[in-house]
Amino acid sequence: MAAAAGDPLGSPRGAAGRYPAGAHVSSTQDVIVVGAGVTGLALADRLRHAGLQVLVLEARDRVGGRLLSAADRSGAATLDLGASWCWPDEPRVQALVARLGLPMHEQHIVGDAMYQDASGTQRLAGNPIDGRALRFSSGAQSLAHALAARLDGSILLSSPVSSIRVVGGASVEVEHANGCAYARYAVVALPPALAVAQIDFDPPLPPALVTLASGTPVWMGAMTKVVAEYAAPFWREAGLAGAAMSHAGPLRELHDLCGPHGQPAAIFGFAPAEATMEPAAVIGQLVALFGEAAAAPLALHAQCWRAEQWTSPPAVERLANYATFGDPRYRQAIHSRVWLGSTETAPAHPGHIEGALESAAAIGDAITAAAG
Ligand SMILES: Cc1cc2nc3c(=O)[nH]c(=O)nc-3n(C[C@H](O)[C@H](O)[C@H](O)COP(=O)(O)OP(=O)(O)OC[C@H]3O[C@@H](n4cnc5c(N)ncnc54)[C@H](O)[C@@H]3O)c2cc1C
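Residues numbered from 1 in each chain as written. Predicted model: local features only at pLDDT ≥ 70, side-chain atom pairs only at ≥ 80, totals over all residues. Heavy atoms only, no water.

This brings us to the pattern of salt bridges. Taken as a whole and judged by the stated rule, the model has 13 salt bridges. Here R165 ties to E173 by a salt bridge, and the two come within 3.4 Å at their closest N and O atoms. Salt bridges sharing partners connect three or more residues here, namely D45, R99 and R150. (Salt bridge = Lys/Arg side-chain N within 4 Å of Asp/Glu carboxyl O.)

What follows is the structure, encoded as structure tokens:
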């Protein structure tokens, strides 16, 4: 099974070199944002709009973090290997999508769902698994690309941050793979457990915050997402929704992942950390659920988020205390200069893209108020 690596679409909008990588950089900013996921990008956009100078330091050679869209076999469309949906009750993401002019389509939910356990498969009457949701027609990563395009020149790729030092109580020094950057404030826009595992803070973070952060799960960080790409959405012709719940595995929850009008045609499933991911077992399960036509996918794409060093700390699957999401301690500035912020820190919609936008808005407001 081919694992997706890097950014299968290349640089955002094909603009190779648009976001520099590898240059030694020493610069002074108002704010340094660590991480070009949707939290970091939306925050940087907001701060720039408020007239502040911002530098975004990103570890990977692409933007988007857990938004990752791979090219389909034709190269003309995309398949989401990270997030794929937003929901009608999420006002921030709806407003942002409208502002950026991103094409959206409805998640296909019509038809019967399937259920599977050790005794076999069962066709359900209707689809109790899916609710109404919206999909990014150009892939969820298009949201990150559109935000990044607005930040032209302010994003440094391939620049993992290793330390943040508050200097003299008035500024921060951020050390990254390609140099050092200085600013009045810094925001660490990555999952808190990853932030404390990767970055040295000087002075050290308060012990209670380290305990909180290191015990905060990474949303979907232990999952593998498998996408089976087909020539046509054959399951729809059989009256199936393409959705299934399974206690037999390896995939536990499956959904239709087709593009607009059924192309590209795909079904995806989530597999937990303990699942054995053999391609033959995945295809066997798809055949059991959706029929013989599922036996010949054009391609299987698998993205193991647990193995992604810029998403998940070691043993991420052991983090299970979701009550830590949105903890009020995440809203306090550390030494008046540094914030931790990601979808996991949001009081509302934590885990979702909407939560990342909540976080960006809250930290953006706090910084603009502090910056005067
Ligand atoms: C399989 C899967 C399915 C999902 N499905 C949905 C869905 O359908 N709908 C939904 O709303 N949400 C979904 N999510 C969650 C959604 O993707 C996240 O809420 C959102 O993308 C989080 O954004 P973020 O910016 O907070 O974090 P991230 O996307 O994790 O961004 C963190 C960024 O920091 C960078 N970074 C890490 N370490 C460093 C470092 N040391 N220095 C510099 N940069 C660093 C990373 O490379 C990354 O770009 C899903 C997630 C996954 C994995």
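There is more to say, and it comes next.
Next up on the list: the domain arrangement of the protein. For the protein, the assigned domains are domain 1 (2-10 + 26-66 + 143-219 + 310-371) and domain 2 (106-136 + 222-307). In this structure, domain 1 and domain 2 have C-alpha centres spaced 33 Å apart. On the domain 2 side, the residues contacting the 13 residues of domain 1 number 9 residues. For the pairing of domain 1 and domain 2, the buried interface totals around 760 Å² over both sides, and the portion due to carbon and sulfur atoms is 57%. In this structure, the connection of domain 1 to domain 2 is made through 1 salt bridge. (Domains from an automatic or database assignment. Contact = heavy atoms within 4.5 Å. Buried area = accessible area lost by both parts, 1.4 Å probe.)

The environment of the ligand is formed by 36 residues, the closest being T39, E58, W85, Q198 and G351. Between the ligand and Q198 there is a distance of 2.7 Å, counted from a nitrogen atom to a side-chain nitrogen or oxygen. Summarising the interface, the protein chains cover 99% of the accessible area of the ligand, which totals 1000 Å² for the free molecule. Taken together, the residues that form the shell around the ligand break down as 21 nonpolar, 12 polar and 3 charged. (Near = heavy atom within 4 Å. Polar contact = N/O pair within 3.5 Å; in protein donor to acceptor, adjacent residues only side chain to side chain. Areas by Shrake-Rupley, 256 points an atom, 1.4 Å probe, with all protein chains shown as cover. Nonpolar A, V, L, I, M, F, W, Y, C, P; charged D, E, K, R; others polar.)

Bringing the side chain of E58 into the picture now. Note that E58 resides in the loop between strand 3 (54-57) and strand 4 (69-71). One buried charged residue, E58, forms no salt bridge at all, with the nearest opposite charge on R60 at 4.8 Å. Aside from chain neighbours lying at most four places away, what touches E58 is G35, A36, G37, L156, L157, S158, S159 and P160. (Helix = DSSP H or I, 4+ residues; strand = E, 2+ residues; numbered from the N terminus. Buried < 20%, exposed > 50% of the residue type's maximum accessible area, 1.4 Å probe, protein only. Lys, Arg positive; Asp, Glu negative; His and termini not counted.)

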